[in-house]
Every structure is written in structure tokens, then in C-alpha cells.
Amino acid sequence: MLVAENLFKSYRRHADTVKVLQGLNLSVADGEFLSIVGASGSGKSTLLHLLGTLDAPDTGTISLDGRRVDNLRSRERDALRNKTFGFVFQFYHLLPELTTLDNVLMPAFIGQSVFGWLRTRAQWRLRAEEILNRVGLGHRLRHKPRELSGGEMQRAAVARALLTRPRVLLADEPTGNLDVENGGDIVRLLRELNRDDGVTIVMVTHNLEIAAVTDRVVKMSHGQVVEDTPGSFRPRLLSAAV
Ligand SMILES: Nc1ncnc2c1ncn2[C@@H]1O[C@H](COP(=O)(O)OP(=O)(O)OP(=O)(O)O)[C@@H](O)[C@H]1O
């Protein structure tokens, strides 16, 4: 479904050029739960940004269902991104002044006209409540982020990413700021969303135990894929695995 071919990406800072991706190839199948591991600086986050059309490669191509997405014009790219991808980051990025419910509603609110929003907000609210119940936060709708635990904040961020029913969830170190128990809960939640709702998930992680519960573990080094192995996930082990 999502295919990256021969990606090169460098960052220029002043006189320096940092070569990050160096001929990277990766295919992600529909419905897969894949993790990307590798040393710090190997280019994991850069790859995730490129796959999610947040940034473009210098050369190489990225295709979704056979259609190039790396060279779209910005308006087309934004529309495709909003429809196709949900993003979860290590530090949640929730807006502190908004309630959990309003944070989750943000993707629907942004980019709509006032009239569009007034016309559709009741439906979006129902959807937001449904997804918040799904992630176990149905009892925290009115809480502000500072009134939530780290694990709850990440659940809210997952709910926000899934509000618009994206096909692909791109998660950059979603457990990186959580203790073992809460990190395990988040990965179990992602596993369930993948299994029950068919969401394709690409997750960057430093934690090899967490990576092992995904279907496939891709290891990066110096901007290339150097290992691509099945994870050790078995459905019946889900509760004991993390
Ligand atoms: N916007 C940028 N400008 C300049 N250099 C950058 C930029 N973004 C990333 N880099 C550099 O590119 C390299 C790869 O960064 P990237 O974040 O993709 O690595 P990573 O594998 O995700 O690392 P980590 O595991 O530490 O998060 C790093 O050396 C980083 O300093």
C-alpha cells in the first residue's frame, strides 16, 4: 500500500550537510503493524515524516496505492494527509487550555469554515466521544491535559489521531515518555486498534520489547534498512506480551 523507493534526504545547516536517508526502500502492507528501530540519528523520525507527507525526499519516490504522493502540490498533499494519516508523538502535543474532548475534536475543526463546523460539530462530537470511549477515556471528557496522567494524555493523542478514521497511524516513540506499565497499555491499545479496526500502524521505538509485539520489525542504520524481521507477536500472548 505505502511504498518508499530509493529515498535520499539531507538536511543543510549553515555550511554543513547531514545525510540522513541514503537510498532507503520500504513497503508497508495494508493492515500491517510495523515498528522501526535503530540507533539515535539513524533517520527513523525523518522516514516517518516523509511517509506521512509532512516533508518531501530530496530524491526517490513514495507511493500510496500505486500513486505518487511525494511530489503533490501542497493543497493536494494536505488533503491527502488529513484523510490518510494520523500522527502520534512522544510528547502528546495536546493544547493545554482545551478539554480532552476539544483536543480530540481539533482535527475536525481545523480547515473547516465556521458554517461547516457549526453544521457538522454534533456528528464530530459523537465520533469524538466514541473514540474516547474506545481508548478508555470516556470518563475524562472535561479534563484538561494537566489533569490527566501521562498514559491518559497519550490515549487522548491516539484518539485525536484516529478521529477522522485515517488508514495509517504514524507513531513516533509513542511510549518514550511513559513508564513500563503505561507504555505497555499504549502498545496494547495500538495492537487492538490494528486488529479490530484494521488501522495500519508504523511505529518508531527504541524499546525492543515493545517492537517485538508488532508484526514486523524494521531496523535502520545510517539511513538505510539493514534488517527486516517478523516480530514475535502472537494474538493469544497479547495480554502477557508487554
Ligand atoms: N530539521 C533538521 N535540520 C537539521 N538536521 C536534522 C533535522 N532533523 C533531523 N536532523 C538530523 O538528522 C539526523 C536523523 O534524525 P532523525 O530524527 O530522523 O533520527 P532518529 O533515528 O529518529 O533519531 P532519535 O532516535 O534520536 O530520535 C540526526 O543527526 C539529526 O540531528
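Along each chain, the written sequence defines residue order, and numbers are assigned to residues from 1. Predicted model: local features are reported for residues with pLDDT of at least 70 only, side-chain atom pairs are reported and counted for 80 or more only, and whole-chain, interface and lining totals are derived from all residues.

- In the annotation of an unreviewed UniProt entry, the protein chain is listed under the name Lipoprotein releasing system ATP-binding protein LolD and assigned to Fimbriiglobus ruber.
- UniProt positions are given in the numbering used here, feature names are shortened, and annotations may be inferred rather than shown by experiment. Per UniProt, the protein chain carries the Sequence similarities (unreviewed entry) text "Belongs to the ABC transporter superfamily. Macrolide exporter (TC 3.A.1.122) family."

## Overview of the overall build of the protein chain
Reasoning step 1: Helix numbers and strand numbers start at the N terminus; a helix is a DSSP run of H or I with at least 4 residues, a strand a run of E with at least 2. For the protein chain, the helix and strand inventory stands at 8 helices and 10 strands.
Reasoning step 2: Note on method: radius of gyration uses C-alpha positions; expected globular size equals 2.2 Å times residues raised to 0.38. Computed over C-alpha atoms, the radius of gyration of the protein chain comes to 18 Å, within 12% of the 18 Å expected from 2.2 N^0.38 for 242 residues, which places it in the range of a compact globule.
Reasoning step 3: Expressed as lengths along the three principal axes of its C-alpha atoms, the size of the protein chain is roughly 45 × 45 × 35 Å.
Reasoning step 4: Within the protein chain, counting contacts between residues at least 6 apart in sequence, those at least 24 apart form 69% of the total. Contact definition: two residues whose C-beta atoms, as placed from backbone geometry, lie within 7 Å.

## With respect to the site of the ligand
Reasoning step 1: Near residues are defined by distance alone, with the backbone-placed C-beta atom required to lie within 6 Å of the molecule or strand. In the vicinity of the ligand, the residues found are Tyr11, Arg13, Val18, Val20, Gly38, Ser40, Gly41, Ser42, Gly43, Lys44, Ser45 and Thr46.
Reasoning step 2: For the shell around the ligand, the secondary structure elements donating two or more residues are strand E1 (2–13), strand E2 (16–28) and helix H1 (44–51).
Reasoning step 3: Considering every element that reaches the shell around the ligand, the biggest residue donor is H1, with 3 residues.
Reasoning step 4: The classification used treats Ala, Val, Leu, Ile, Met, Phe, Trp, Tyr, Cys and Pro as nonpolar, Asp, Glu, Lys and Arg as charged, and all other residues, Gly among them, as polar. For the shell around the ligand, the per-class residue count stands at 3 nonpolar, 7 polar and 2 charged.

## A closer look at the environment of Arg195
Reasoning step 1: Within the secondary structure layout, Arg195 lies in helix H6 (residues 180–197).
Reasoning step 2: Taking the C-alpha atoms as reference points, Arg195 and Glu32, separated by 163 residues in sequence, lie 9.3 Å from one another.

## Things to note about the nonpolar core
Reasoning step 1: Core membership is restricted to buried Ala, Val, Leu, Ile, Met, Phe, Trp, Tyr and Cys residues, and these are joined into a nonpolar core through C-beta atoms within 7 Å. Any residue surrounded by 20 or more other C-beta atoms within 10 Å of its C-beta is treated as buried, while 12 or fewer makes it exposed and the intermediate range makes it partly exposed; C-beta atoms here are placed from the backbone. Judged by nonpolar contacts, the single largest core of 59 residues is most densely connected at Leu51, Ala159, Leu169, Leu170 and Val202.
Reasoning step 2: Per element, the largest residue contribution to this core is 7 residues, and it comes from helix H5 (residues 150–162).
Reasoning step 3: Those residues in contact with Ala159 that sit more than four places away from it in its chain are Val104, Ile131, Leu132, Val135 and Leu137.

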